[in-house]
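# Analysis of the macromolecular model
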Amino acid sequence: MAYAIELQNITKRFPGVIANDQVTILVGEGEIHGLIGENGAGKSTIMNILYGLTQADEGIVRIFGKEQFIASPNDAIRLGIGMIHQHFMLMPNQTVLRNIILGSAPRKGPVIDEKKARIQIEKIMEKYCMQVNLDAVVSQISVGEKQKVEIIKALYREVRILILDEPTAVLTPAETDALIETMRKLKEQGCTIVFITHKLKEVLAATDRVTVMRKGVVTGFGETKDMNVRKLSELIVGREVNFDIPFGAYCPGETLLELSGVSTAPRGGRMPVKEINLKVKRGEIVGVAGVEGNGQSDLIEVIAGLIAADRGGITLCEKDISKLSIRQRRLNGLSHIPEDRLKTGTSTVCSISENLLLNKYFLTPFSRHGIFNHRHIKQHSKLLCDKFLVKTPDPSYELKTLSGGNMQKVVFAREFDTEPSLMIAAQPTRGVDIGAIEYIHGKLAELRDSGKGILLISAELDEIMALSDRILVMYEGEIVAEFHRGEADEYEIGAYMLGAKRQVAHSG
Ligand SMILES: Nc1ncnc2c1ncn2[C@@H]1O[C@H](COP(=O)(O)OP(=O)(O)OP(=O)(O)O)[C@@H](O)[C@H]1O
Ligand SMILES: [Mg+2]
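Residues numbered from 1 in each chain as written. Chains lettered and ligands numbered in written order. Predicted model: local features only at pLDDT ≥ 70, side-chain atom pairs only at ≥ 80, totals over all residues. Heavy atoms only, no water.

Accessible area lost on assembly of the parts is the figure often given for the size of an interface. Each assigned domain of the protein chain is listed here: domain 1 (3–237), domain 2 (250–333 + 420–430 + 448–508) and domain 3 (342–415). Taking only C-alpha atoms into account, the centre of domain 1 sits 34 Å from that of domain 2. Contacts between the two partners involve nine residues from domain 1 and, on the opposite side, seven residues from domain 2. Across the domain 1 to domain 2 interface the summed buried area is about 750 Å²; carbon plus sulfur atoms make up 49%. For the interface between domain 1 and domain 2, the tally reads two salt bridges. For lysine 199, the salt bridge goes to glutamate 460, with nearest N and O atoms at 2.6 Å. (Domains from an automatic or database assignment. Contact = heavy atoms within 4.5 Å. Buried area = accessible area lost by both parts, 1.4 Å probe. Salt bridge = Lys/Arg side-chain N within 4 Å of Asp/Glu carboxyl O.)

See below:
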């Protein structure tokens, strides 16, 4: 078989970790190859080596049969390799069009020929059925749209090999289906694809062959048709995974969080919320389902205090919190896992330990009269990393040395550790491996069973349905339906998510 990609015995060391230990990955020409494995297994690292973002300490890379030394992404692009990164690399203040053509713009003399570029891009968008507004500024578009921009950018460079590092982590189910369709179209055109994902359904649906990694080594390899969910999960985590969440009985208590008639003002193309009435009681998980961009971001941020409400009231344990600062809301028992861990959830240049403390560094025993107690801080972060499965040799390392899923676990650990009365959990398991999802879901169930409340916002309808005692559906900034656990299936909920149906009255 002719291989498009041969990575032979690749070894890559970072301080304290061997990210890739003699890894061999072979990808046939024109195949869709799944690369899967737990957080920190070394998937992004080996793909970064292939794309020239970092270099291997040992090993050989062959592209279409020829040995290559890929010193930079420029070399990779020249070889026809494109990569969509786990964390997007777009310029936020530029338009979509400018981002797509950056570095490969057609020119008319000394000036960039934007007209010609626009025609070329429109052709690509039509061919692959992917529409985005080319004149929108990147900072104003949704994550799903940013994803499309990244893909169009790669297609614009006429890639022959496309690496997709967890492209579906931020997509809705419908967008994921569309992406898989795009991958199939690319394959028909002879493109070779490496697809990294934690979602086993997608692996089984989209790939021809699959390589599984764990702790820097390859633990499995084979034809996708010979695999199933159980087999793959065992190869990934080395044991059987329990997908059933261990809930106690549903006995909701008094109201913890209440929103009455909350509206936000429209800002920068974002969907505001309109007249939201919502309650989360003790001992319940309330899930908010909806296609991304239907007001979920404003809903989360208005409760957490990142934006102000235009109208309406917000109470936590019967106390009006609508005028309180973010910190005051937190001190009153609110915790918040933000939907975008890099934008509002973490600081990548701070250490893991500092990130674990962002919501409590000013409290004793972490500091007293402005002086940090480093011994206590160190013990505390070591404890949290162990408890929440954050894989790092040392919590004093910068957050950016962590793999994507491990960053997510840092955010979860920090927010869970404050023993909140009410947790806003937005995309709590985004980018997290199946073993850690099992753990995080177990922790959310534990929080609920101990009489706390959780407002869960997730693009994963499966996750909403598995965890929620009540489900609210958001459409165009409003809550259009409410269901109790088991009252509606995914198709029914899907119809409300798309605006095809709407309940007349719901209690919120
Ligand atoms: N720049 C770096 N400095 C130090 N360590 C690093 C660096 N980049 C990655 N690592 C470490 O290498 C290991 C592999 O990380 P990698 O990002 O490849 O994992 P991954 O399989 O992509 O995980 P995830 O599913 O969470 O994205 C991890 O232990 C990570 O902490
Ligand atoms: Mg990764």
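With that settled, the discussion passes to the environment of alanine 154. Within the secondary structure, alanine 154 is located in helix H5 (residues 143–156). C-alpha of alanine 154 to C-alpha of glycine 109: the two residues are 45 residues apart in sequence and 25 Å apart in space. (Helix = DSSP H or I, 4+ residues; strand = E, 2+ residues; numbered from the N terminus.)

Take the sheet that holds strand S5 (residues 66–67) next. Judged by pairing direction, the sheet is antiparallel, and its four strands sit side by side in the order S2-S1-S4-S5 without closing on themselves. Of all strands in the sheet, those with a lone pairing partner are strand S2 (17–28) and S5, marking the two edges. Bridge analysis of strand S4 (residues 58–63) against S5 gives two bridges, and the strand direction is antiparallel. Directly across from isoleucine 63, in S5, lies its bridge partner lysine 66. (Pairing = 2+ DSSP bridges.)

Side chains that differ in charge, positive against negative, can pair when their charged atoms come close. Here the structure, examined in full by the defined rule, presents 34 salt bridges. The salt bridge involving glutamate 114 is made with arginine 98; its shortest N-O contact spans 2.6 Å. Of this pair, glutamate 114 sits in helix H4 (residues 114–127) while arginine 98 sits in helix H3 (residues 96–101); the two residues are 16 residues apart in sequence, bridging distant segments of the chain. Of the residues examined, glutamate 114 reaches a relative accessible area of 25% and is grouped as partly exposed. For arginine 98, a relative accessible area of 38% translates into the label partly exposed. (Buried < 20%, exposed > 50% of the residue type's maximum accessible area, 1.4 Å probe, protein only.)

What follows concerns the packing of aromatic side chains. Per the counting criterion, the structure on display carries six aromatic pairs. Where tyrosine 361 meets phenylalanine 362, the ring centres are 5.2 Å apart and the plane angle is 85 degrees; that geometry is what we call edge-to-face. Residue class for phenylalanine 362 comes out partly exposed when judged on its relative accessible area of 24%. Their ring planes at 25 degrees and their centres at 5.6 Å tell us that phenylalanine 412 and phenylalanine 416 sit as a pair that is stacked. With phenylalanine 412 and phenylalanine 416 both in helix H14 (residues 404–417), this residue pair falls four residues apart, about one helical turn. For the pair shown, phenylalanine 412 and phenylalanine 416 are each scored as buried. Through pairs of rings, three or more aromatic residues link up here, namely Phe388, Phe412, Phe416 and Tyr439. Taking NZ or CZ as reference, arginine 327 lies 3.6 Å from the ring centre of phenylalanine 362, over its face. (Phe/Tyr/Trp six-rings, centres within 6.5 Å; stacked < 30°, edge-to-face > 60°. Lys NZ or Arg CZ within 6 Å of the ring centre and 35° of its normal.)

Moving on: the pairing of strand S10 (residues 192–196). Buried residues dominate S10, accounting for five of its five residues. Every second residue of S10 is oriented toward a common face, with Thr192, Val194 and Ile196 on one face and Ile193 and Phe195 on the other, all of them buried. Where strand S3 (residues 32–37) meets S10, four bridges bridge the pair, whose relative direction is parallel. In the strand pairing of S10, isoleucine 32 is matched with isoleucine 193. By the bridge criterion, five bridges tie strand S9 (residues 161–165) to S10 in an arrangement that is parallel. Considered in S10, the bridge of leucine 164 is made with phenylalanine 195. Handedness of the S9-helix H6 (residues 173–188)-S10 crossover: right-handed. (Right-handed = clockwise from strand over helix to strand, strands pointing away.)

This part takes up H6. Over its 16 residues, H6 extends 23 Å from the first C-alpha to the last, a length consistent with the 22 Å expected when each residue adds 1.5 Å. When we look at burial in H6, the residues that qualify are Thr176, Leu179, Ile180, Thr182, Met183 and Leu186. An end-on view of H6 places all buried positions within 155 degrees of arc, on one side of the element. Exposed side chains of H6 directed beyond 90 degrees from the buried face belong to Ala174, Asp177 and Glu188. Looking at the packing, one finds that the buried side of H6 touches S3, H5, S9, S10 and helix H7 (200–206). (Expected span 1.5 Å × (residues − 1). Arc of directions from axis to C-beta.)

Surrounding ligand 1, one finds 19 residues, the nearest of these being Gly40, Lys43, Thr45, Thr401 and Ser403. Between ligand 1 and histidine 198 there is a distance of 2.9 Å, counted from an oxygen atom to a side-chain nitrogen or oxygen. When ligand 1 is considered free in solution it has 640 Å² of accessible area, and contact with the protein chains removes 86% of it. Listed by contribution, the elements that provide at least two residues to the shell around ligand 1 are S2, helix H1 (43–50) and H14. (Near = heavy atom within 4 Å. Polar contact = N/O pair within 3.5 Å; in protein donor to acceptor, adjacent residues only side chain to side chain. Areas by Shrake-Rupley, 256 points an atom, 1.4 Å probe, with all protein chains shown as cover.)

This paragraph deals with the nonpolar core. By size, the foremost hydrophobic cluster in this structure holds 40 residues, and its most contacted members are Met423, Ile454, Val473 and Ile493. Tallying contributions element by element places H14 first for this core, with six residues. Two domains each donate at least three residues to this core, and these are domain 2 (250–333 + 420–430 + 448–508) and domain 3 (342–415). Other than its neighbours up to four places away in sequence, valine 473 contacts Ala289, Glu478, Ile479, Val480, Ala481, Phe483, Ile493, Tyr496 and Met497. Ile32, Val96, Leu155 and Leu162 belong to the second largest nonpolar core, which has 38 residues in total. (Core = buried A, V, L, I, M, F, W, Y, C linked by side-chain atoms within 4.5 Å.)

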